[in-house]
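Structural overview
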Amino acid sequence: MANMSPTKVPMPEQDPNVRNKNFEEVATGYTAEMAIEEATRCLNCKNKPCVSGCPVGVQIPEFIALVAEGKFLEAAAKIKETSALPAVCGRVCPQESQCECKCVRAIKGEAVGIGRLERFVADYAMAHDTAEIVKPEPNGHKVAVVGAGPAGLTCAGDLARKGYAVTVFEALHTAGGVLMYGIPEFRLPKAIVQKEIDNLKALGVEFVLNFVVGRSETIDDLFADGYEAIFVGSGAGLPTFMHVPGENYNGVYSANEYLTRVNLMKAYKEDSATPILRAKRVAVVGGGNVAMDAARSAKRMGAEEVYIVYRRGEAELPARLEEIHHAKEEGIVFKFLTAPVEVLGDPDTYLVTGMKCQQMELGEPDASGRRRPVPIEGSEFVLDLDAVIVAIGTSPNPLIRSTTPGLETNKRGCIVADDEHGITSKDGVFAGGDAVTGAATVILAMGAGKRAAAAMDEYIQNKNK
């Protein structure tokens, strides 16, 4: 009999007033007993609605049934048939708007905790699986992947398993992309990401770091080096700014820079050589997951007051509900229906002293379908601040598009690629993830990398018939 409890087994977590002072993982994970109990809530539906919500097609009922039987390594193997990064996805995927929102149990209660179970299974396998990774027989073809983020890692892994010699070119000094530089340690421990990268190395994937495609070599140079097909998964790392007066004062960061300093360059460690302003009063402008990550990181970096400044209402926040909930628990103050007008600073020291804001009200829906924020006259006020972190979006770096003749891009600077196969306007070049869509989720990038890998395999095999 299924466990008909209407609620999920609670996820153990650090106390909010403890965790907001450290960078250790917030959620501590299920025990084996908790995982089995939660797995028995699954009805094992014949039509598997949850699978239709997963961008990489994880066989969810099958892996959960194995968890219910205590067959954790078998469950991990089932997930890895389609997902290259289960320990990552179990932590950062927006399951509530994907697989879990399709769950039948959600009709009259809470969905099965699919993400929590995926995380448990992946962690268990990392700790207990002693089987060696078998490197596939080479098929005689070599391919290149630009960018070692979730799209690139997924594409590289799928192609390596088919016997391709895969080289991943990464601009930074560490592979992992946004998983390493963007998502904080307290949400995604870097040791987990590194373990997944090490698994790809064991499959034969080669990583070339500190290599900026478009500067170190161009796409055409890579073809001249003998790569038969190239996947571009270079992400969207170019920050968007507010374009308000005072934005050049010292103490104004893009969220990308701030999170890179904290996460990749370990500025949160006492002995870190990475310079960062340890501000006491911080405002983060934006309402997405990146804004939550920046605000929660600032709190852990010693800020006494941290504000989320968002021009729409709480109902319109694009961040995951879990991240919003955790931010509130940790003492982050939300300023809804508030828009920055000007960053204020000391003209002598050029340091931030505050931010002038204006209150808003919601008007008619705009092109995105969300109600447009409209300023309220005479409602300006000032927040006293030491730092401002801008988290209102990113776009792809223009370097690849400007150095690759024949590669079509759109008005947002994103590479134009067929959604189903990742095929671009340039023969032999495939693309996916944030470089194509603009900033999106890890799992959507992984899905794009997976589809592109299949298309690249078909392209090379057909070309060599």
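In this report, the structure presented in the accompanying data block is examined.

Here is what the cut-offs are and how they apply
Residues numbered from 1 in each chain as written. Predicted model: local features only at pLDDT ≥ 70, side-chain atom pairs only at ≥ 80, totals over all residues. Heavy atoms only, no water. Helix = DSSP H or I, 4+ residues; strand = E, 2+ residues; numbered from the N terminus. Rg over C-alpha atoms; globule rule 2.2 N^0.38 Å. Contact = heavy atoms within 4.5 Å. Axes fitted to C-alpha atoms, helices over the stretch in contact; angles between N-to-C directions. Parallel < 35°, antiparallel > 145°, perpendicular 65-115°, else oblique. Left-handed = near helix turned anticlockwise from the far one by under 90°. Nonpolar A, V, L, I, M, F, W, Y, C, P; charged D, E, K, R; others polar. Buried < 20%, exposed > 50% of the residue type's maximum accessible area, 1.4 Å probe, protein only. Pairing = 2+ DSSP bridges. Disulfide = S-S within 2.5 Å. Phe/Tyr/Trp six-rings, centres within 6.5 Å; stacked < 30°, edge-to-face > 60°. Lys NZ or Arg CZ within 6 Å of the ring centre and 35° of its normal. Right-handed = clockwise from strand over helix to strand, strands pointing away. Core = buried A, V, L, I, M, F, W, Y, C linked by side-chain atoms within 4.5 Å.

Focus on the overall build of the protein chain
If you tally the helices and strands in the protein chain, you get 17 helices and 16 strands. In terms of overall dimensions, the protein chain is globule-like: its C-alpha atoms have a radius of gyration of 23 Å, near the 23 Å expected for 465 residues. Viewed in the frame of its principal axes, the protein chain has a C-alpha envelope of about 70 × 60 × 50 Å. For the protein chain, the share of sequence-separated contacts (at least 6 apart) that also reach a separation of at least 24 residues comes to 69%.

Some remarks on the packing of helix 4 (residues 60-68) against helix 7 (residues 114-128)
With their axes 11 Å apart at the nearest point, helix 4 and helix 7 run at an angle of 60 degrees to one another. The angle between helix 4 and helix 7 falls in the class oblique. Our pair here, helix 4 against helix 7, has a crossing hand that is left-handed. Together, I60, F63, I64 and V67 of helix 4 and I114, L117, E118 and V121 of helix 7 make up the contact between the two elements. Residue composition of the contact of helix 4 with helix 7, by class: seven nonpolar, no polar and one charged.

Considering the pairing of strand 14 (residues 387-390)
Residue alternation in strand 14 divides its side chains into two sets, A387 and I389 and V388 and V390, and both sets are buried. Summarising the sheet, strand 6 (residues 252-254) and strand 14 pair through three bridges and their orientation is parallel. Pairing of Y253 across the sheet is with I389, part of strand 14. When strand 7 (residues 281-285) meets strand 14, the two strands line up parallel, connected through four bridges. Opposite V284, over in strand 14, you have I389 as the bridge partner.

With respect to the state of the cysteines
What the rule picks out here adds up to zero disulfides. Between C414, a free cysteine, and C155, which holds the nearest cysteine sulfur, the sulfur-to-sulfur gap is 18 Å. Under the relative-accessibility criterion, C414 is labelled buried at 1%.

Looking at the environment of I79
Within the fold, I79 resides in helix 5 (residues 72-80). According to the relative accessible area criterion, I79 is buried, its value standing at 1%. Linking I79 and G57, residues 22 residues apart in sequence, is a C-alpha distance of 9.2 Å. Beyond its immediate sequence surroundings of up to four residues, I79 is in contact with V58, F63, P86, E118 and V121.

What about the packing of aromatic side chains?
What the rule picks out here adds up to eleven aromatic pairs. With 5.0 Å between their ring centres and 70 degrees between their planes, F72 and Y124 make a pair best called edge-to-face. Taken together, the positions of F72 in helix 5 and Y124 in helix 7 put the pair 52 residues apart, joining distant regions of the chain. A residue is classified by how much of its surface remains accessible, and F72, at 7% relative accessible area, is buried. Ring geometry for Y253 and Y258: centres 5.4 Å apart, planes at 70 degrees, overall edge-to-face. These aromatic residues form a ring-pair network of at least three members: F23, F186 and Y268. One cation-aromatic arrangement involves K142 over Y227; the distance from NZ or CZ to the ring centre is 4.4 Å. Between R300 and the ring centre of F186, over which it is positioned, the NZ or CZ distance is 3.8 Å.

Topic: the pairing of strand 8 (residues 305-309)
With four of five residues buried, strand 8 is to be regarded as a mostly interior element. Across five bridges, strand 7 lies against strand 8 in parallel orientation. Paired with V282 across the bridge in strand 8 is V306. This β-α-β element, strand 7 to helix 13 (residues 289-300) to strand 8, shows right-handed connectivity.

Brief notes about the nonpolar core
In this structure, I60, F63, V67, L117, V166, L179 and F207 are the most contacted members of the largest nonpolar core, which totals 73 residues. Counting residues per element, this core draws most heavily on helix 17 (residues 442-463), at ten residues. Setting aside anything within four residues of it in sequence, one finds F63 in contact with V58, A75, K78, I79, I114, L117, E118 and V121. Of all hydrophobic cores here, the second largest spans 32 residues; its members include F23, V262, I308 and A387.

Details of the side chain of T338
Relative to the helices and strands, T338 resides in strand 10 (residues 338-345). Residues within four places of T338 in sequence aside, it is in contact with V309, Y310, R311, C357, Q358, M360 and F381.

Quick look at unusual backbone geometry
Positioned with a positive phi, N210 is a non-glycine residue whose angle comes to about 55 degrees. With respect to the element layout, N210 can be found in the loop between strand 3 (206-208) and helix 11 (219-224). Relative accessible area serves as the criterion here: at 53%, N210 is assigned to the exposed category. Positive phi values are uncommon outside glycine, yet Y350 reaches one of about 65 degrees. Mapped onto the fold, Y350 is located in the loop between strand 10 and strand 11 (352-365). Here Y350 falls in the partly exposed class, since its relative accessible area comes to 40%.

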